[in-house]
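# Architecture at a glance
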Amino acid sequence: MQPILEIRGLTKTYKGGFTALRGVDLSINKGEIFALLGPNGAGKTTLIGAVCGLVRPTSGTIHAFGEDMGKHWRRLRARVGLVPQELATDMFEPVLRSVNHSRGLFGLAPNPALIEEILRALSLWEKRDAQIRTLSGGMKRRVLIAKALAHEPELLFLDEPTAGVDVELRRDMWKQIALLRERGTTVILTTHYIEEAEEMADRVGVIRGGEILMVDEKAAMMERLGRTEALITLASPLTELPEALSAYPVSLIEDGRVLCYRGGGGEGSSSGTAEVAELTKALTRAGIDYTAIDIHESSLEDIFVNLLEGPEMQGAVA
Ligand SMILES: Nc1ncnc2c1ncn2[C@@H]1O[C@H](COP(=O)(O)OP(=O)(O)OP(=O)(O)O)[C@@H](O)[C@H]1O
Ligand SMILES: [Mg+2]
């Protein structure tokens, strides 16, 4: 299937000479939720800005819906929604008028029923006549989301949609985004809350220093790069590792009282939990008693941190 968005060789050097994007290639499939993860200054907002016409690319191409955005910008941009990271909006406007205005900007006929539905879903209907500046930070962010949804975009960018939003509201927003996906909207979001990517995304891309380090299905990424750690508390301490355990990735810690296993992950390797099960059998066979096992699977967060810490990953493109 043709991707809904295809970015090739995208480079951005800002005036003053700073290069924020270095030859980014990225394909987004129709209907997916794609999470772009990266530290501050990685180039996430610049990348989104290039697609949404806020940043002029230095080189490279962007095709959306199968057409060149550079050539058919106005027509294609109307099919793209953006929830910006920054809260720059018409602060003195009442909520309802501002959201209606966003729809009108793209030349669409008014649709009061749709706007009401959007505002109700975001718990903003009661506040529809309030000036945006009088709302709390989290509510302002929801107004930005309502504005981006008002023109029924097929491709929606959410640049840190839940930054500064409390946990409960964040979960509400996730539900909203899941609903959009059910309706066929393609969603690209950036986030610093890796839990958010873990919860929502079909695929994850990691960006650092203007380069995409890796793109993969979330589940595959977690399986391939995930690790299992097991801490096995021994009934009596060991002074050295017995020969029977030499085949396992284990070490003794806490003065020989705890056996630490770190394994799993990596292409083609057996799963960590299965290996821990084998390990416990080997312990029993060797006559080593244990009193507790604490097993932990790495999260997307662990993977992400490891990826960013590993300098050897720099420049490696998936
Ligand atoms: N208008 C600009 N002029 C010059 N440099 C810029 C401009 N906008 C962004 N940059 C630089 O480009 C780099 C990437 O910025 P960008 O905002 O895309 O990062 P980001 O990944 O969105 O970061 P964050 O997670 O903090 O939002 C940064 O080093 C930033 O200082
Ligand atoms: Mg940003």
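Residues numbered from 1 in each chain as written. Chains lettered and ligands numbered in written order. Predicted model: local features only at pLDDT ≥ 70, side-chain atom pairs only at ≥ 80, totals over all residues. Heavy atoms only, no water.

In the annotation of an unreviewed UniProt entry, the entry for the chain reads Multidrug ABC transporter ATP-binding protein, and the organism field reads Novosphingobium barchaimii LL02.

## Observations concerning the pattern of salt bridges
Selection rule: What makes a salt bridge here is a side-chain nitrogen of Lys or Arg within 4 Å of a carboxyl oxygen of Asp or Glu, nothing more. Numbering goes from the N terminus for both helices and strands, where a helix is a DSSP run of H or I of at least four residues and a strand is a run of E of at least two. Remark: exposure states derive from per-residue accessible area (1.4 Å probe, protein chains only) relative to the maximum for the residue type, with buried under 20%, exposed over 50%, and partly exposed in between.
Within the structure shown, the criterion is met by 14 salt bridges. Notably, a salt bridge pairs Glu 116 with Arg 120, separated by 2.8 Å at the nearest N-O pair. Highlighted residues: Glu 116 and Arg 120, both in helix 4 (residues 112–121), separated by four residues, approximately one helical turn. Among the salt bridges present, the one from Glu 117 reaches Arg 183, with a minimum N-O distance of 3.1 Å. Pair noted here: Glu 117 is in helix 4 and Arg 183 is in the loop between helix 6 (167–182) and strand 8 (186–191), with a separation of 66 residues, a long-range link. In this structure Glu 117 comes out as partly exposed when scored by relative accessible area, which is 41%.

## Focus: the domain arrangement of the chain
The test is simple: Here the bounds of each domain stem from an automatic or database domain assignment.
You can read the domains of the chain as domain 1 (5–79 + 154–223) and domain 2 (227–297). A C-alpha centroid distance of 40 Å is found between domain 1 and domain 2.

## Overview of the UniProt feature "domain: ABC transporter" (unreviewed entry) in the chain
The condition is simple: UniProt positions are given in the numbering used here, feature names are shortened, and annotations may be inferred rather than shown by experiment.
Under the local residue numbering, the UniProt record ascribes the feature "domain: ABC transporter" (unreviewed entry) to residues 5–234. From the first C-alpha to the last, residues 5–234 spans 54 Å; its make-up is 34% helix and 29% strand.

## With respect to the site of ligand 1
The test is simple: Nearness is judged by heavy atoms alone; a residue qualifies as near a molecule or strand once a single heavy atom is within 4 Å of it. Here a polar contact is recorded for every N or O atom pair within 3.5 Å, except that within protein the pair must consist of a potential hydrogen donor and a potential acceptor, and residues adjacent in sequence are included only if both atoms are side-chain atoms. Each accessible area is a Shrake-Rupley result for a 1.4 Å probe, and residues are judged covered by the shown protein chains and nothing else.
Neighbouring residues of ligand 1: 14 residues in total, closest Asn 40, Gly 41, Lys 44, Thr 45 and Thr 46. One of the side-chain N or O atoms of Asn 40 is found 2.8 Å from an oxygen atom in ligand 1. Contacts to ligand 1 include Glu 160, whose side-chain N or O atom sits 3.4 Å from an oxygen atom. In the complex, the protein chains occlude 64% of the 640 Å² of accessible area that ligand 1 would expose alone.

## Digging into empty space enclosed by the protein
Note the following rule: Only protein atoms enter the 1 Å grid used here, on which a cavity is any set of points holding a 1.4 Å probe that cannot leave and a pocket is any open set flanked by protein within 12 Å on both sides along at least five of seven lines; residues with an atom within 4 Å of a point are listed as lining. Grid points are joined across faces, edges and corners, and a volume is the space filled by probe spheres set on the points. Gly falls in the polar group here, along with every residue not listed as nonpolar (Ala, Val, Leu, Ile, Met, Phe, Trp, Tyr, Cys, Pro) or charged (Asp, Glu, Lys, Arg).
Counted by the stated rule, this structure contains two cavities of 30 Å³ or more. In this structure, the largest cavity spans a volume of roughly 50 Å³. Forming the boundary of the largest cavity are Leu 5, Ile 7, Leu 26, Leu 36, Leu 47, Ile 48, Val 51, Phe 157 and Ile 188. Every element with two or more residues in the lining of the largest cavity is listed here: strand 1 (5–13) and helix 1 (44–51). The element best represented in the lining of the largest cavity is helix 1, accounting for three residues. Of the residues in the lining of the largest cavity, the class split is nine nonpolar, no polar and no charged. Considered as a void within the structure, the second largest cavity measures approximately 40 Å³ in volume. Ile 145, Leu 149, Leu 156, Leu 158, Met 173, Gln 176, Ile 177 and Leu 180 are the residues that line the second largest cavity. Going through the elements one at a time, helix 5 (137–149), strand 7 (155–159) and helix 6 are the ones with two or more residues in the lining of the second largest cavity. Element by element, the count of residues in the lining of the second largest cavity is highest for helix 6, at four residues.

## Description of a nonpolar patch on the surface
Applicable threshold: Like charges within 9 Å and nonpolar side chains (Val, Leu, Ile, Met, Phe, Trp, Tyr) within 5 Å are joined into patches, using only residues over 30% in relative accessible area that form no salt bridge.
On the surface, a nonpolar cluster with roughly 230 Å² of combined accessible area is contributed by Tyr 290, Ile 293 and Ile 295. Counting through the fold element by element, Tyr 290 comes out in strand 14 (residues 290–297).

## Description of the coordination of the magnesium ion (ligand 2)
Let me state the cut-off plainly: Shown as donors are all N, O and S atoms within 2.8 Å of a metal ion, widened to 3.2 Å for Na, K and Ca; because water is not in the atom set, sites may appear incomplete.
Within the first shell, the magnesium ion (ligand 2) binds the protein through Thr 45 (OG1) and Gln 85 (OE1), at distances of 1.9 to 2.2 Å. Taken as a pair, Thr 45 in helix 1 and Gln 85 in the loop between strand 6 (80–83) and helix 3 (95–105) lie far apart in primary sequence, 40 residues in all. Judged by its relative accessible area of 37%, Thr 45 falls in the partly exposed class. Gln 85 gets classed as partly exposed once you look at its relative accessible area, which sits at 26%.

## Section: the sheet that holds strand 6
To keep it simple, the criterion reads: Paired strands are those between which DSSP finds at least two bridges. Lines are fitted to the C-alpha atoms to define the axes, a helix being fitted only along its stretch in contact, and any angle between axes, read from their N-to-C directions, falls within 0 to 180 degrees. In this description, contact between two residues means that some pair of their heavy atoms is separated by no more than 4.5 Å.
Spatial ordering of the open sheet is given by 6-7-8-3-9-10, a layout of six strands whose pairing is mixed. A strand with exactly one partner marks an edge of an open sheet, and here the two such strands are strand 6 and strand 10 (211–217). Each strand of the sheet is rotated relative to its neighbour by a mean of 15°, with strand direction disregarded. Looking at chain direction, strand 9 (residues 203–208) and strand 10 are connected through six bridges and run antiparallel. Residue pairing in the sheet places Gly 205 in a bridge with Val 215 of strand 10. Sheet contacts for helix 10 (residues 300–309): strand 3 (33–37), strand 9 and strand 10; angle to strand 9, the most-contacted strand, approximately 30°.

## What about the layout of surface pockets?
Estimates place the volume of the largest pocket at around 570 Å³. Around the largest pocket, the lining is made up of 20 residues, and of these Arg 77, Leu 82, Leu 105, Phe 106 and His 151 lie nearest the centre. Within the residue set of the lining of the largest pocket, elements represented by two or more residues are helix 2 (73–77), strand 6, helix 3 and helix 5. Considered class by class, the residues forming the lining of the largest pocket number eleven nonpolar, five polar and four charged.

## With respect to the sheet that holds strand 11 (residues 228–234)
The sheet built from four strands is open, its strands ordered 12-13-11-14 with antiparallel pairing. In this open sheet, the two strands that pair with only one neighbour each are strand 12 (250–253) and strand 14. Across the sheet, the mean angle separating the axes of adjacent strands is 20° when strand polarity is ignored. Across six bridges, the pairing between strand 11 and strand 13 (residues 258–263) is antiparallel.

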